[in-house]
Amino acid sequence: MWIFILKRLVQGIFTVWFIATATFFAMHNVPGDPLLNDRATTDVIRANLEAKYGLDKPVMTQYGIYLGNLLQGDLGISFTQENREVNDIIRDHFPVSAILGILAVLFAAAGGVLWGALTAIYRNRWPDYVIMFLVILGISVPSFVVAAISQLFLVNVNGLIGTTVLPVAGWGTVLHMLVPAMVLGLGTMAYLTRLMRSSMLEIISSDFVRTAKAKGVPPARIFAKHQLRNAILPVITVLGPSIAAITTGGFVVELVFAIPGLGRYFVQAVQQLDYTVIMGTTVFYGAFLVFMVIVVDVLYGFIDPRVRME
Amino acid sequence: MSSVTAANSASLLEVEDLAVEFDTYGGIVQAVRGVSFSVEEGKTLAIVGESGCGKSVTVQSMMGLIPMPPGRITSGSARLKGHEILGRTIVNGKEIRGSEIGMIFQDPMTSLNPTMTIGDQIAEPLQVHRGYSYKKAFNEAIRLLEMSKIPEAAKRARQYPFEFSGGMLQRAMIAMAIACKPSILIADEPTTALDVTIQAQILDLLQDLQKETGMAVILITHDLGVVARMADEVAVMYAGKIVEHGMVDDVFYRSAHPYTLGLKEAMPTNDPSLQHELKPIEGSPPDLFSPPQGCGYCARCPYAMQICNRQQPDDTFLAKDHFSRCWLHHVSSSNKPDQLYFKEEAK
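Predicted model, so just to flag it, every value in this text is computed and none were measured.

1. Quick notes on helix α2 (residues 55–62) of chain B
Residues and elements named next belong to chain B.
Then comes step 1: For α2, the buried fraction is high: eight of the eight residues fall into the buried class.
Then comes step 2: For α2, the full list of buried residues reads Lys 55, Ser 56, Val 57, Thr 58, Val 59, Gln 60, Ser 61 and Met 62.
Then comes step 3: Once α2 finishes, Gly 64 follows within two positions and takes phi at roughly 65°, a positive value.

Structure (structure tokens):
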């Protein structure tokens, strides 16, 4: 087990290195540079700034310096936000994104498993049709539309009741988190519902469920002990990438709900070609994704004994 | 219908005129078309027939294991110790499945839950039906594994199905099925998925356990060798009906139905004195979407007469417990092939 985790960690480090390298060279090949805005007004200022940030050195040298700093955990200083270290940006804003993301994933996983199991059990009857219709809706409607509609809904509800039941935007309390988390997790929940449905349908007609019935095990126990645990395996497999995708892909929802998450900085940095912030957030997100996949693989082993042994 | 069941009113299980249909996209499949048999305490009844003849559906419908819909029990009854069990799983407040009737299946590799330990799975019916605590049930599971001749049972009980071989899994299945000491064990092709040496061991185990516990066994198989070894009584099924039924010796040595004869001729033997050229039964079973008006075997039967195509034959009793459902046995039939057994006076 430990060897397995160690192996995956080493693989993960290579993956992160590859992400860093690819991002670095892709970024440097994009036309323009971070000094193109109003800061570098004259050639002298530009030369000074380039020297300060090390942009006058050859690209390969910059790459070497960057990797050296990365190994020491130093992601550098933002080019556009003065004197702000990338490490600080991540430290300040990632927890917000992470909390939002984790809530969204919990919501998506619980909902996906529940709805998926339900649609499979009520296959081709009305609960199946209703839920699957909503699932198609959840997959095809973009999150900013859902976000805006849910805000409109909240405004009306709050107005109707006369007091703020749930805040429409902002960050700070658990109440602030609920609606954005649901909106953010909706697409993933819809996807997981479909996955769980097909997996559950397979399990329902499997031989070992028939065996359990032949043993006289009551339906509720068959569901909990025989069906759910086996049907959930494919859902867990995609959970790792889902966590990362939700956490990193939340910037639209963060923007609509005015949540101070990391996503906004990520997008801004790309627009302004803020090299260090692009690199920092990309590498950080990459490492986070790799880590989540490893966590899920380990988790998988606990649920499926066949994986544990290998 | 059959008077075999009526004659033995004290049977453990009496199935009468059972018929099962399935709705499919192609239409309604009449998988079982009026089947009657009885099972005596401590005895073994073998139900023999080729794939798709309805033998598995017969027992699975009794156990409430066919999905409904699309399945449907259209007629019949099954009485266990006098209580109707068809279409219900609980009789007198007690669950039948797993406690009164145990069942094992064809493919042990897929019939056990891959994410539960063997011991937990064997303990489960004890917890459910007997209200045993987990610990007590698990210890009993270990004892049952020992009874099923699994070495190092205590260690094995903590393992998962993927750590067992096919034969071991079938032993575990048997241990699970007999956990609550059922009065009937249904074995649905228990050795089909296993290789020959393991088959023999599993059959031995079943016989030993039957002797120890006194349970009756319903053995579903298409292997006449297994029948000869295990059965007291045999029911030969074809196209959803029982075409011949009798004591094992009657059916083997006094075969009265052309289909039984066909099966025997298609069976290989390792006894040189019985060596014969294997003769396959030509053709394929009838389409059960629209079952034939007459005898189901008519199209493949070498002795078919005109009447066979038009009208269902009745049971003809050749002995108290031996009947054949074939027009050849009708009093007005002059066609009496030598290969088949007929009542003395009919000759």
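2. Focus: the pairing of strand β1 (residues 13–24) of chain B
Residue and element names in this part refer to chain B.
Then comes step 1: Both β1 and strand β4 (residues 71–80) contribute to a ladder of eight bridges, which runs antiparallel. The partner of Glu 14 across the bridge, within β4, is Arg 79.
Then comes step 2: Examined bridge by bridge, β1 and strand β2 (residues 27–39) share ten bridges and lie antiparallel to one another. Residue pairing across strands places Val 15 opposite Phe 37, the latter belonging to β2.

3. Side note on the confidence of the model for chain B
Residue and element names in this part refer to chain B.
Then comes step 1: For chain B, per-residue confidence averages 84 on the pLDDT scale, and 94% of positions sit at 70 or higher.
Then comes step 2: Predicted confidence is poor over residues 1–8, with pLDDT under 50, and the contacts of this stretch with residues over four places away or in other chains come to 17 contacts.
Then comes step 3: Predicted complex, confidence summary: ipTM 0.84, pTM 0.77.

4. A short note on the environment of A:Ile90
All names here are of chain A.
Then comes step 1: Following the sequence through the fold, Ile 90 ends up in helix α4 (residues 86–121).
Then comes step 2: The class of Ile 90 is buried, set by 20 C-beta atoms lying within 10 Å.
Then comes step 3: For Ile 90 and Phe 284, which are 194 residues apart along the polypeptide, the C-alpha to C-alpha distance reads 8.4 Å.
Then comes step 4: Among residues more than four places away in sequence, those in contact with Ile 90 are Leu 262, Gly 280, Thr 281 and Phe 284.

5. Observations regarding the interface of chain A and chain B
Then comes step 1: Residue-level contacts link 19 residues of chain A with 23 residues of chain B.
Then comes step 2: Those elements that provide at least two residues to the side of chain A that touches chain B are α8 (207–214), α9 (219–231) and α14 (305–309) of chain A.
Then comes step 3: Take the side of chain A that touches chain B: its biggest share by element is six residues, from α8(A).
Then comes step 4: Grouping the constituent residues of the side of chain A that touches chain B by class yields six nonpolar, five polar and eight charged.

6. Structural notes on the sheet that holds β4(B)
Then comes step 1: The strand order across the open sheet built from four strands is β2-β1-β4-β5 (chain B), with neighbouring strands paired in antiparallel fashion. Taken across any chain shown, the strands that pair with only one partner, and hence form the sheet edges, are β2 and β5 (83–84) of chain B.

7. Describing the sheet that holds strand β12 (residues 241–247) of chain B
Residues and elements named next belong to chain B.
Then comes step 1: Here we have eight strands laid out as an open sheet, ordered β8-β9-β10-β3-β11-β12-β14-β13, and mixed in their pairing. Either end of the sheet is taken by a strand with one partner, and the two such strands are β8 (101–104) and β13 (315–319). Pairs of neighbouring strands in the sheet enclose a mean axial angle of 20°, with direction left out of account.
Then comes step 2: One ladder, built from six bridges, connects strand β11 (residues 233–238) with β12; its direction is antiparallel. Looking at the pairing, Met 237 lines up with Ile 242 of β12.
Then comes step 3: Relative to the sheet, α2 contacts β3 (44–48), β9 (184–188), β10 (216–221) and β11, its axis offset from that of β10 by approximately 140°.

8. Here's the deal with the packing of helix α6 (residues 143–161) of chain A against helix α7 (residues 174–204) of chain A
Residues and elements named next belong to chain A.
Then comes step 1: It is at 9 Å that the axes of α6 and α7 come closest, and there the two elements cross at 150°. Here α7 runs roughly antiparallel to α6, going by the angle between their axes. Crossing angle aside, the handedness with which α6 passes α7 is right-handed. Between α6, through Ser 143, Val 146, Ala 147, Ser 150 and Leu 154, and α7, the contact on the second element is made entirely by Val 179, Val 183, Leu 184, Leu 186 and Gly 187.
Then comes step 2: Of the residues assigned to the contact of α6 with α7, the class counts are seven nonpolar, three polar and no charged.

What counts and what doesn't
Residues numbered from 1 in each chain as written. Chains lettered and ligands numbered in written order. Predicted model: local features only at pLDDT ≥ 70, side-chain atom pairs only at ≥ 80, totals over all residues. Buried ≥ 20, exposed ≤ 12 C-beta atoms within 10 Å, placed from the backbone. Helix = DSSP H or I, 4+ residues; strand = E, 2+ residues; numbered from the N terminus. Pairing = 2+ DSSP bridges. pLDDT = per-residue confidence, 0-100. Contact = placed C-beta atoms within 7 Å. Nonpolar A, V, L, I, M, F, W, Y, C, P; charged D, E, K, R; others polar. Axes fitted to C-alpha atoms, helices over the stretch in contact; angles between N-to-C directions. Parallel < 35°, antiparallel > 145°, perpendicular 65-115°, else oblique. Left-handed = near helix turned anticlockwise from the far one by under 90°.

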